[in-house]
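Fold and geometry: a report
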Amino acid sequence: MLVYADYIGYLAAIIGTLCWLPQTVKTWRSRETKDLSLAANLLVLSTVVLWFVYGIMMEAWPLVIGNIISIIAVGAIVTAKLIYK
């Protein structure tokens, strides 16, 4: 049963990560950030960092891998928001 749980975890990590990529790409291509909430994106970034730390502590590699990529994507959105005010 644990093997199936890992598959579910990896699938969730892939989908959860992919959902941030279109926004990240659009933000950097357009350099338009006025409609993005800095506070909301900082909260999301905090959340994925905490999930990443939790994943390391629990040795839950789907969480670790998915959240590394999410940290990069959401971090890029926050960075763009700060640069392109």
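Up top is the structure these notes are about.
Conventions adopted
- Residues numbered from 1 in each chain as written.
- Predicted model: local features only at pLDDT ≥ 70, side-chain atom pairs only at ≥ 80, totals over all residues.
- Heavy atoms only, no water.
- Helix = DSSP H or I, 4+ residues; strand = E, 2+ residues; numbered from the N terminus.
- Buried < 20%, exposed > 50% of the residue type's maximum accessible area, 1.4 Å probe, protein only.
- Contact = heavy atoms within 4.5 Å.
- Patch = residues over 30% accessible without salt bridge, like charges linked within 9 Å, V, L, I, M, F, W, Y side chains within 5 Å.
- Areas by Shrake-Rupley, 256 points an atom, 1.4 Å probe, with all protein chains shown as cover.
- Salt bridge = Lys/Arg side-chain N within 4 Å of Asp/Glu carboxyl O.

**Regarding the overall build of the protein**
For the protein, the helix and strand inventory stands at 4 helices and 0 strands. Listing every helix and strand of the protein by position from the N terminus yields α-α-α-α. Its C-alpha atoms give the protein principal-axis dimensions of about 50 × 20 × 15 Å. Looking at the protein residue by residue over its 85 residues, the buried ones come to 28%. Long-range pairs, those at least 24 residues apart, make up 73% of the contacts in the protein with a sequence separation of at least 6.

**Topic: a nonpolar patch on the surface**
Taken together, Tyr-10, Leu-11, Ile-14, Ile-15, Leu-18, Leu-21, Trp-61, Ile-65, Ile-68, Ile-69 and Ile-72 make up a surface patch of nonpolar side chains, about 1000 Å² in accessible area. Among the secondary structure elements, those contributing two or more residues to the nonpolar patch are α1 (2-18) and α4 (61-83).

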